[in-house]
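As a plain string of letters, each chain reads:
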Amino acid sequence: MTYYPKNTNADGSLRVVARYKLGFASCTDNDTWSCTGNCGNENTVVPNVVQELSGEWCQREGNMTRQLSSNDPFQLDLDGGDWISNLGSITTWRAVTVVELRNRSDTGRANRSPQTTVVPALRVPSNCRRDFNLLAFDPDGDEVKCRIGNSPSECNTCTLPSVLSISSSCTLSFSPNNTQGAYAVQLVMEDFPRQAITLTATSGTQVSLTTNNAISKLPVQFAVRVDAAVADCTEGLYLPKFLPPTPANGAQLYTPVNQPLEIRISAQANISMISELLFSGPHNTNRITDAGQFVLRWTPSADEDGESHPFCFVVQANISCNWSENADFQFVSTV
């Protein structure tokens with residue numbers, strides 16, 4: 001979930017666009033967010049399919065527009081869906097987004113949320129330590145931090161298993177173990193101002209925040225699937241390794257409205273066989289193969305002018321009929 005304030009008017013009314021991604025076992029599944037607080041009038045576009053990995057998952061992207069009479073905050077909640085079968089026996093999901101739109105004293109505009117995205121399920125060999133550096137880009141320049149969600153207000157049974165840990169800088173680490181299966185990961189991403197700021201509401205009321213106060217919060221939830229061990233954890237042998245011209249992790253790319261952005265991705269795995277590129281990004285992204293490279297091609301519309309859109313991609317490889325994928329996935333932010 002990310003949000004973008006739009007068209008703030010002289011009377012304090014404004015439009016806000018929230019884009020969210022949901023992962024399901026099938027592309028026929030769907031769910032909806034409920035709202036509390038300054039909800040205004042809602043117009044939701046039916047989620048479109050971003051990508052489907054047959055028999056495993058489908059990711060869909062929804063677009064929610066709200067017309068608000070003031071810039072007071074509101075909260076979006078997702079409740080009631082079922083997690084895939086997992087080792088933590090977590091059954092139902094819960095996710096919470098806090099949308100803060102009051103005017104910031106440092107930027108002179110409404111707050112913009114951190115940017116992140118991830119594929120619904122990541123795969124790792126059971127014997128390889130892996131670090132997942134999640135995208136944590138903030139268009140306002142805020143410090144972005146990650147933490148485990150709080151039960152039961154932000155997720156249902158939020159505790160991470162002992163084989164997974166999250167740093168405040170949004171690195172999720174997997175420690176080798178002998179247990180295969182899926183783990184549910186339920187994180188919260190927040191933006192913190194780098195200096196003390198004041199938030200001003202349409203009514204004129206003000207709230208002061210320090211560098212220890214979160215401005216907004218977003219849910220980041222996905223699964224980590226632990227597969228059979230591999231003979232060697234070195235990238236480029238069994239596990240795919242990214243090669244040029246693949247953008248560096250965290251790269252920021254610029255593309256003007258109505259002009260196509262092309263992201264070229266190359267990888268090698270000398271022992272296993274690279275089979276597929278998995279990605280999370282705008283639903284109208286085209287994925288093609290060209291001259292041995294994967295290519296993601298996306299054209300922003302006029303309505304997306306001034307927004308940042310995150311991409312995440314991983315390369316999947318086949319190892320003796322088992323699947324593995326590069327855990328050092330790449331994130332690219334487009335502006």
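Residues numbered from 1 in each chain as written. Predicted model: local features only at pLDDT ≥ 70, side-chain atom pairs only at ≥ 80, totals over all residues. Heavy atoms only, no water.

**Student:** Help me out: how do you make sense of the overall build of the protein chain in this one?
**Tutor:** The number of helices and strands found in the protein chain is zero helices and 26 strands. Taken along the three principal axes of its C-alpha coordinates, the protein chain extends 65 × 45 × 40 Å. The buried share of the protein chain, reckoned over its 335 residues, is 53%. A separation threshold of at least 6 residues defines the contact pool for the protein chain, and within that pool the share at least 24 residues apart is 71%. Of the roughly 13900 Å² of accessible surface on the protein chain, 45% is carried by carbon and sulfur atoms. Put simply, the protein chain has 23 plus and 33 minus side-chain charges, and the middle of one group is 2 Å from the middle of the other. (Helix = DSSP H or I, 4+ residues; strand = E, 2+ residues; numbered from the N terminus. Buried < 20%, exposed > 50% of the residue type's maximum accessible area, 1.4 Å probe, protein only. Contact = heavy atoms within 4.5 Å. Areas by Shrake-Rupley, 256 points an atom, 1.4 Å probe, with all protein chains shown as cover. Lys, Arg positive; Asp, Glu negative; His and termini not counted. Charge placed at Lys NZ, Arg CZ, Asp CG, Glu CD.)

**Student:** I'm lost on the pairing of strand S20 (residues 261–268) in this one. Help?
**Tutor:** Put simply, side chains in a regular strand alternate between the two faces of the sheet. In the sheet, strand S18 (residues 241–243) pairs with S20 via three bridges, with the strands oriented antiparallel. If you follow Leu243 over to S20, its bridge partner there is Ser266. (Pairing = 2+ DSSP bridges.)

**Student:** In this structure, what is going on with the nonpolar core? I would like to understand it.
**Tutor:** Within the largest apolar cluster, 30 residues are counted, with the highest numbers of intra-cluster contacts made by Leu164, Leu172, Val185 and Phe222. Those elements giving two or more residues to this core turn out to be strand S9 (121–125), strand S11 (143–148), strand S12 (164–166), strand S13 (171–174), strand S14 (181–192), strand S17 (217–227) and strand S24 (309–319). Ignoring anything within four residues of it in the chain, the contact list for Val185 reads Trp83, Leu160, Leu164, Leu172, Val220, Gln221, Phe222 and Val224. (Core = buried A, V, L, I, M, F, W, Y, C linked by side-chain atoms within 4.5 Å.)

**Student:** For this particular structure, what's the right way to read the pattern of salt bridges?
**Tutor:** Side chains bearing opposite charge may pair, as long as their charged atoms lie close to each other. Taken as a whole and assessed by the stated rule, the structure comprises 23 salt bridges. Between Glu100 and Arg102 there is a salt bridge; the shortest N-O distance is 2.7 Å. For the pair shown, Glu100 and Arg102 are each scored as buried. The salt bridge partner of Lys217 is Glu154, with a shortest N-O separation of 2.6 Å. On the criterion of sequence distance, the pair formed by Lys217 in strand S17 and Glu154 in the loop between S11 and S12 is long-range, its members being 63 residues apart. The same class applies to Lys217 and to Glu154, which are both buried. (Salt bridge = Lys/Arg side-chain N within 4 Å of Asp/Glu carboxyl O.)

**Student:** What am I meant to see in the state of the cysteines here?
**Tutor:** A covalent bond between the sulfur atoms of two cysteines is referred to as a disulfide. Here the structure, examined in full by the defined rule, presents five disulfides. With a sulfur-sulfur separation of 2.1 Å, Cys35 is cross-linked through a disulfide to Cys39. The sign of the -100° torsion about the S-S bond sets the Cys35-Cys39 disulfide as left-handed. The exposure class assigned to Cys35 is partly exposed, which follows from its relative accessible area of 22%. (Disulfide = S-S within 2.5 Å.)

**Student:** Explain the sheet that holds strand S16 (residues 206–209) to me, please; I cannot follow it from the model alone.
**Tutor:** Within a sheet, each strand pairs with its neighbour through backbone hydrogen bonds, oriented either parallel or antiparallel. Here we have three strands laid out as an open sheet, ordered S8-S15-S16, and antiparallel in their pairing. Strands with a single pairing partner mark the edges of an open sheet, and in this sheet they are strand S8 (103–104) and S16. As paired elements, S8 and strand S15 (residues 197–200) share two bridges and run antiparallel to each other. Bridge assignment links Asn103 to a residue of S15, and that residue is Thr200.

**Student:** Sorry, what's going on with the environment of Cys35 here?
**Tutor:** Position of Cys35 among the secondary structure elements: in strand S3 (residues 34–37). Spatially, the C-alpha atoms of Cys35 and Glu154 are 14 Å apart, while their sequence positions differ by 119 residues. In this structure Cys35 touches Arg66, Phe74, Gln75 and Leu76, once residues within four positions along its chain are discounted.

**Student:** Would you mind showing me how to read the sheet that holds strand S22 (residues 286–290) here?
**Tutor:** Read from one edge of the open sheet, four strands run S18-S20-S23-S22, paired in antiparallel fashion. Each edge of the open sheet carries a strand with a single partner, namely S18 and S22. When strand polarity is set aside, the average angle formed by the axes of neighbouring strands in this sheet is 35°. Inspection of the sheet shows S22 paired to strand S23 (residues 293–298) by five bridges, in the antiparallel sense. Bridging from a neighbouring strand, Ile288 pairs with Val295 of S23. (Axes fitted to C-alpha atoms, helices over the stretch in contact; angles between N-to-C directions.)

**Student:** What exactly am I supposed to notice about unusual backbone geometry here?
**Tutor:** What is expected of a backbone is that most residues other than glycine have negative phi and most peptide bonds are trans. Here the residue pair Ser151 and Pro152 is connected by a cis peptide bond, since its omega of -10° sits within 30 degrees of zero. Here Pro152 shows up in the loop between S11 and S12. The omega angle of the peptide bond from Pro244 to Pro245 is 10°, so this bond is cis rather than trans. Phi at Asn7 takes a positive value of approximately 45°, unusual for a residue other than glycine. Tracing the chain through its elements places Asn7 in the loop between strand S1 (2–6) and strand S2 (14–24). Positive phi outside glycine occurs at Thr157, with the angle close to 55°.

**Student:** Any chance you could explain the packing of aromatic side chains here in plain terms?
**Tutor:** Here the distance between the centres and the angle between the planes together describe a pair of aromatic rings. This model, assessed by the stated rule, comprises four aromatic pairs. Between the aromatic rings of Tyr20 and Trp33, the centroid separation amounts to 6.0 Å while the plane-to-plane angle is 70°, which identifies the pairing as edge-to-face. Of this pair, Tyr20 sits in strand S2 while Trp33 sits in the loop between S2 and S3, and the two are 13 residues apart along the sequence. Pair check on accessibility: Tyr20 and Trp33 agree, each one buried. For the pair Phe242 and Phe313, a centre-to-centre distance of 5.7 Å together with 90° between the ring planes defines the contact as edge-to-face. Of this pair, Phe242 sits in strand S18 while Phe313 sits in strand S24, and the two are 71 residues apart along the sequence. For the cation-ring pair, Lys145 lies above Phe192, with the distance from its terminal atom to the ring centre recorded as 4.7 Å. (Phe/Tyr/Trp six-rings, centres within 6.5 Å; stacked < 30°, edge-to-face > 60°. Lys NZ or Arg CZ within 6 Å of the ring centre and 35° of its normal.)

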